[in-house]
Amino acid sequence: MTRREEREQAFVLLFEKSFDSETEIAELYDFAVENEAITGSEFVKNIVCTAWENVADIDTVIEKYSKGWKISRISKVALAVLRLAICEIKYYDDIPVGVSINEAVELCKKFAAKDDSVFVNGILGSVSRDAD
């Protein structure tokens, strides 16, 4: 499985988690693998668990750069993409920031509304500039 496919699976799990506040993310991962909804990998499991363990910090970053948009106003698709990308930027030094941003934009183009990719790119660009 390619890293792009792994990111897509991680995105799907984070998106699903936004509708399920009771089930732990590791349980969602295990259930999805058992039911062959995803192939799964160590990267997928690690990144979704890392993202969810740090979701409060990640959401603080999103709100900081979304210029007045509260988390509740951001589409669930864009929010899942942002959580995944910011997790990569903040917690995975081995992944180039540019790759994380590009992959997030591509996920938005595939799954989100037309303007979401521009919104996500803008937020991640700001996060990237401040991270340098």
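The structure we're discussing is the one just above.
Every value quoted in this text rests on a predicted model; they were computed, and no experiment measured them. (Residues numbered from 1 in each chain as written. Predicted model: local features only at pLDDT ≥ 70, side-chain atom pairs only at ≥ 80, totals over all residues. Heavy atoms only, no water.)

1. Regarding helix 3 (residues 42–53)
Then step 1. Here helix 3 contains 12 residues, and its C-alpha end-to-end distance of 16 Å stays within 8% of the 16 Å for a straight helix at 1.5 Å per residue.
Then step 2. The complete set of buried residues in helix 3 reads Phe43, Val44, Ile47, Val48, Cys49, Thr50 and Ala51.
Then step 3. Residues of helix 3 that are buried make contact with helix 1 (3–17), helix 2 (25–34), helix 4 (55–65) and helix 5 (76–91). (Helix = DSSP H or I, 4+ residues; strand = E, 2+ residues; numbered from the N terminus. Expected span 1.5 Å × (residues − 1). Buried < 20%, exposed > 50% of the residue type's maximum accessible area, 1.4 Å probe, protein only. Contact = heavy atoms within 4.5 Å.)

2. Some points on the environment of glutamate 22
Then step 1. Structurally, glutamate 22 is set in the loop between helix 1 and helix 2.
Then step 2. Judged by relative accessible area, glutamate 22 falls into the exposed class, the value being 73%.
Then step 3. In this structure, the C-alpha to C-alpha distance between glutamate 22 and arginine 73, residues 51 residues apart in sequence, is 22 Å.

3. Thoughts on unusual backbone geometry
Then step 1. If you check the backbone angles, glutamate 36 has positive phi at about 55° while not being a glycine.
Then step 2. Checked against the element boundaries, glutamate 36 lands in the loop between helix 2 and helix 3.
Then step 3. Residue glutamate 36 is classed as exposed on the basis of its relative accessible area, which comes to 71%.

4. Notes on the side chain of glutamate 103
Then step 1. Position of glutamate 103 among the secondary structure elements: in helix 6 (residues 97–111).
Then step 2. Not counting the four nearest positions on each side in its chain, glutamate 103 is found in contact with Arg4 and Arg7.

5. Brief notes about the side chain of threonine 50
Then step 1. With respect to the helices and strands, the residue threonine 50 is situated in helix 3.
Then step 2. Those residues in contact with threonine 50 that lie beyond four places of it in its chain are Cys87, Tyr91 and Tyr92.

6. Digging into the packing of aromatic side chains
Then step 1. In the structure shown here, the tally under the stated rule is five aromatic pairs.
Then step 2. The ring centre of tryptophan 69 lies 4.1 Å from the NZ or CZ of arginine 73, which sits over that ring.
Then step 3. Cation over ring: lysine 76 sits above phenylalanine 19, and NZ or CZ is 5.4 Å from the ring centre. (Phe/Tyr/Trp six-rings, centres within 6.5 Å; stacked < 30°, edge-to-face > 60°. Lys NZ or Arg CZ within 6 Å of the ring centre and 35° of its normal.)

7. Here's the deal with the nonpolar core
Taken as a class, soluble globular proteins show a tendency for nonpolar side chains to be buried jointly.
Then step 1. With 44 residues, the main nonpolar core has Leu13, Ile47, Val48, Ile62, Val120 and Leu124 as its most contacted residues.
Then step 2. Here the element with the most residues in this core is helix 5; it accounts for 11 residues.
Then step 3. Excluding residues within four positions of it along the chain, valine 120 makes contact with Ala78, Val81, Leu82, Ala104 and Cys108. (Core = buried A, V, L, I, M, F, W, Y, C linked by side-chain atoms within 4.5 Å.)

8. Re the pattern of salt bridges
Then step 1. In this structure the tally under the stated criterion is seven salt bridges.
Then step 2. Across the pair lysine 109 and glutamate 106 runs a salt bridge, and its minimum N-O distance is 3.8 Å. In this pair, lysine 109 and glutamate 106 both sit in helix 6, three residues apart, roughly one turn of the helix.
Then step 3. Relative accessible area serves as the criterion here: at 56%, lysine 109 is assigned to the exposed category. (Salt bridge = Lys/Arg side-chain N within 4 Å of Asp/Glu carboxyl O.)

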